[in-house]
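# A closer look at the structure
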Amino acid sequence: MSKKHFWQGALFCLFAAVAWGAMFPIAESALHHIDPFWFSGIRYLVVGLLLAVILGLKEGKRAFRTEGRGLKLWVLGALAFTVYNFGVFWGQQQLGKSGVLLASIMESFMPMLAVLFVWMVSRKRPNSWTLSCVIVAFIGVLFVVTKGDFATLANGGLQLLPLLSVFAGVTGWVIFTVSSDQFSGWSALRFSALTSLYGGVTTFAIVLIMTALGIVDTPAVSSIVTIMPEMLFMIVVAGLLALLSWIQGIQRLHAINGMLFINFVPATTFIISVIQGYSISGAEMFGTLLIVCALIVNNVISRRSPAEQTSKVAATQKSVHGRLPKKHTHAPTG
């Protein structure tokens, strides 16, 4: 990897992580004026359409062919852009200011959830170090959720439904990310555009049905105008540009390197929340540090494992070659 590619990839991943970190406090401001369902529906319908336009200009009409995998694309799109947005932003709204930080923390916890999901699907147990990192990260989440008061776990003091909502949303995105390997022959833009288009249309359709049933109300035009700056950020910066930047960064750095930049998500949320006046407790800070440290250690372990595997193979080959009989270079005598 050249230095130019490294720094380009680092800047792309950093931009995406900072944009996603800023997304939660900015969304919190908008959710005072519009419900999370209409907020999500408008956002990802527009993002999906914009990505579709970019895909058509860059790869042509053929890129829109599903190749018999339309149902899988729709399911993954619904998980990533319907379940994630509904789950995270409804839960965040219900939890108030603390929900902003929790949503961000769960975002950084995604790599650990991915480990558990791959284990569940493949039945291949991760190594002990990785499992230890997952446990440490989970303890960190508990510190953030309870703010250090673990008695709330037993006495029902937690708002369980919003917490489960955020967890379900994050799990949807993890399944989407892990399952994207099944489309390895496709460009990242094509996969992102089609899933976000399907997911965005699905999200908006569900919102319309909920509105028709009287579950949610149609937002007033004045409300949409009021949140226009936040919505533009969510669509253009945290939606379109962040997604494309992340793709570009991962292609240059590879996933194992790019994943480290997820640490900038909670860091950015912390900074913006403090500026907005939120008082972060010591337990929340400690829990966040546990998650960040677990992610870094797991990343280091993931780097070492392939190298150790290569060393073991090389050592084995050397040992085998050392035991092989030497070839005779002279003609046999009678």
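So, a few notes on the structure that sits alongside this text. (Residues numbered from 1 in each chain as written. Predicted model: local features only at pLDDT ≥ 70, side-chain atom pairs only at ≥ 80, totals over all residues. Heavy atoms only, no water.)

On the surface, a cluster of nonpolar side chains totalling about 390 Å² of accessible area is made up of Phe15, Met228, Leu232, Val236 and Leu241. Tallying contributions element by element places helix H11 (residues 228-253) first for the nonpolar patch, with 4 residues. Its location among the elements puts phenylalanine 15 in helix H1 (residues 3-30). (Patch = residues over 30% accessible without salt bridge, like charges linked within 9 Å, V, L, I, M, F, W, Y side chains within 5 Å. Areas by Shrake-Rupley, 256 points an atom, 1.4 Å probe, with all protein chains shown as cover. Salt bridge = Lys/Arg side-chain N within 4 Å of Asp/Glu carboxyl O. Helix = DSSP H or I, 4+ residues; strand = E, 2+ residues; numbered from the N terminus.)

A few words now on the packing of aromatic side chains. This model, assessed by the stated rule, comprises 15 aromatic pairs. A centroid spacing of 5.4 Å and a plane angle of 55° characterise the contact between tryptophan 20 and tryptophan 246, whose relative ring orientation is tilted. Of this pair, tryptophan 20 sits in helix H1 while tryptophan 246 sits in helix H11, placing them 226 residues apart in sequence. On the basis of relative accessible area, tryptophan 246 is assigned to the buried category, the value being 14%. Between tyrosine 44 and phenylalanine 81, the ring centres sit 4.8 Å apart and the planes meet at 45°, which makes this aromatic pair tilted. Highlighted residues: tyrosine 44 in helix H2 (residues 36-59) and phenylalanine 81 in helix H3 (residues 70-95), separated in sequence by 37 residues. Taking the relative accessible area as the measure of exposure, tyrosine 44 reaches 8% and is therefore buried. (Phe/Tyr/Trp six-rings, centres within 6.5 Å; stacked < 30°, edge-to-face > 60°. Buried < 20%, exposed > 50% of the residue type's maximum accessible area, 1.4 Å probe, protein only.)

Before going further, it helps to examine the nonpolar core. Among the nonpolar cores identified, the biggest contains 85 residues, and Met23, Phe24, Phe39, Phe89, Met112, Val170 and Trp246 are the most heavily contacted of them. Sort the elements by how many residues they give to this core and H11 lands first, with 12 residues. The contact partners of tryptophan 246, leaving out residues within four places of it in the chain, are Phe12, Cys13, Ala16, Trp20, Gly258, Met259, Phe261 and Ile262. (Core = buried A, V, L, I, M, F, W, Y, C linked by side-chain atoms within 4.5 Å. Contact = heavy atoms within 4.5 Å.)

Two numbers describe how H1 lies on H3: the axes approach to 10 Å, and their chain directions differ by 65°. At the point where H1 passes H3, the crossing takes the right-handed sense. Note on element contacts: H3 touches H1 through Tyr84, Val88, Phe89 and Gln92, opposite Met23, Phe24, Ala27 and Glu28. Residue composition of the contact of H1 with H3, by class: 6 nonpolar, 1 polar and 1 charged. (Axes fitted to C-alpha atoms, helices over the stretch in contact; angles between N-to-C directions. Left-handed = near helix turned anticlockwise from the far one by under 90°. Nonpolar A, V, L, I, M, F, W, Y, C, P; charged D, E, K, R; others polar.)

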